[in-house]
Amino acid sequence: MARLVPRSGDAVFANVERVNAELFTLTYGAIVRQLITDLEEVEEVNKQLDQMGYNIGIRLIDEFLAKSNVSRCVDFKETADVIAKVGFKMFLGVTASVTNWDSDGTSCSLVLEENPLVDFVELPDMYQGLHYCNILSGVIRGTLEMVSMKTEVTWVRDMLRGDDACKLRVKLLKQVPEEYPYKDDE
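Residues numbered from 1 in each chain as written. Predicted model: local features only at pLDDT ≥ 70, side-chain atom pairs only at ≥ 80, totals over all residues. Heavy atoms only, no water.

As annotated in an unreviewed UniProt entry, the chain carries the name Trafficking protein particle complex subunit and is attributed to Acorus calamus. Quoted verbatim from the Function (unreviewed entry) field of UniProt, the annotation for the chain is "May play a role in vesicular transport from endoplasmic reticulum to Golgi." Annotation of the chain in UniProt includes, under Subunit (unreviewed entry), the sentence "Homodimer." (UniProt positions renumbered as here; feature names shortened; annotations may be inferred.)

Enquirer: Can you explain the environment of S148? Please cite residues and give values.
Expert: Tracing the backbone shows S148 in the loop between α5 (134–146) and β3 (149–157). Spatially, the C-alpha atom of S148 lies 8.5 Å from that of K174, the residues being 26 residues apart in sequence. (Helix = DSSP H or I, 4+ residues; strand = E, 2+ residues; numbered from the N terminus.)

Enquirer: I'd like a description of the packing of helix α3 (residues 42–68) against α5, backed by residues and values.
Expert: Their axes nearest at 6 Å, the elements α3 and α5 cross at an angle of 40°. With respect to each other, α3 and α5 are oriented oblique. Every pair of crossing elements has a handedness; the one defined by α3 and α5 is right-handed. Between α3 and α5, the residues in contact are N46, L49, D50, M52, G53, Y54, I56, G57, I58, L60 and I61 and N134, I135, S137, G138, V139, R141, G142, T143, E145 and M146, respectively. When its residues are assigned to classes, the contact of α3 with α5 shows 10 nonpolar, 8 polar and 3 charged. (Axes fitted to C-alpha atoms, helices over the stretch in contact; angles between N-to-C directions. Parallel < 35°, antiparallel > 145°, perpendicular 65-115°, else oblique. Left-handed = near helix turned anticlockwise from the far one by under 90°. Contact = heavy atoms within 4.5 Å. Nonpolar A, V, L, I, M, F, W, Y, C, P; charged D, E, K, R; others polar.)

Enquirer: Give me the nonpolar core: which residues, what numbers.
Expert: Note that soluble globular proteins tend to have their nonpolar side chains buried in a common cluster. The biggest cluster of nonpolar side chains holds 37 residues, and the ones touching the most others in it are F88, L130, L136, I140 and V170. Those elements that place two or more of their residues in this core are α2 (21–39), α3, α4 (76–92), β2 (107–112), α5, β3 and β4 (166–175). Beyond its immediate stretch of four places on either side in the chain, L136 contacts L92, L112, N115, L117 and W155. (Core = buried A, V, L, I, M, F, W, Y, C linked by side-chain atoms within 4.5 Å. Buried < 20%, exposed > 50% of the residue type's maximum accessible area, 1.4 Å probe, protein only.)

Enquirer: I'd like a description of the pairing of β4, backed by residues and values.
Expert: In the sheet, β2 pairs with β4 via 6 bridges, with the strands oriented antiparallel. If you follow C108 over to β4, its bridge partner there is V170. Looking at chain direction, β3 and β4 are connected through 8 bridges and run antiparallel. Bridging across to β4, T151 finds its partner in L172. (Pairing = 2+ DSSP bridges.)

Enquirer: Let's hear about the packing of aromatic side chains: which residues, and what values?
Expert: As enumerated under the stated definition, the model contains 2 aromatic pairs in all. Look at F76 and W101: their rings are 5.8 Å apart centre to centre, the planes differ by 90°, and that puts the pair in the edge-to-face class. One end of the pair, F76, is in helix α4; the other, W101, is in the loop between β1 (97–99) and β2, and 25 residues separate them in sequence. Residue classification places W101 among the partly exposed residues on the basis of a relative accessible area of 27%. A cation over an aromatic ring shows up here: K77 above the ring of W101, its NZ or CZ 5.4 Å from the ring centre. (Phe/Tyr/Trp six-rings, centres within 6.5 Å; stacked < 30°, edge-to-face > 60°. Lys NZ or Arg CZ within 6 Å of the ring centre and 35° of its normal.)

Enquirer: Report on the pattern of salt bridges, specifying residues and quantitative values.
Expert: Where side chains of opposite charge bring their charged atoms close, a pairing between them can arise. Counting across every chain of the model gives 6 salt bridges. Between K67 and E63 there is a salt bridge, and its shortest N-O distance comes to 3.2 Å. Taken together, the positions of K67 and E63, both in helix α3 and 4 residues apart, correspond to about one turn of that helix. Looking at K67, the relative accessible area reads 36%, which means it is partly exposed. (Salt bridge = Lys/Arg side-chain N within 4 Å of Asp/Glu carboxyl O.)

What follows is the structure in structure tokens.
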């Protein structure tokens, strides 16, 4: 059976309609600010951003699959590479690198040297517990769940805390078997 070769992130990015990056960044900042005002507790804001991202991710996968021409990945390693090279490029205009694989091939780090969500942002000391870009961890979780992968996504490094890059740890908890809505009686 022939496999489709995924289009490069650059090829997909060139063919996707984009919103002005600065407008998107400022709009996202306004959302985070409003959540801080409404929820008051940083940990609750982190949870809400993650949940918002998760809800986006479960819907975003359809657009990703329709526009990227990526075929089914054979394993978690290939999936992580597609997220880093095609997904991030398609939706954020940047690519990530995949590093620090564990020996089982079920846990890795996604490293973003550039993150447009943190442009124009300074995190005040009183919000040091805020994972400002937590929406990204939710998007990754939601997207992977829709392709039958239950994952845990955590922040390891953050540019807003003085690190040189943003680093997410993605751990595959379990591969969920696909369920079909009907049985073949033959």
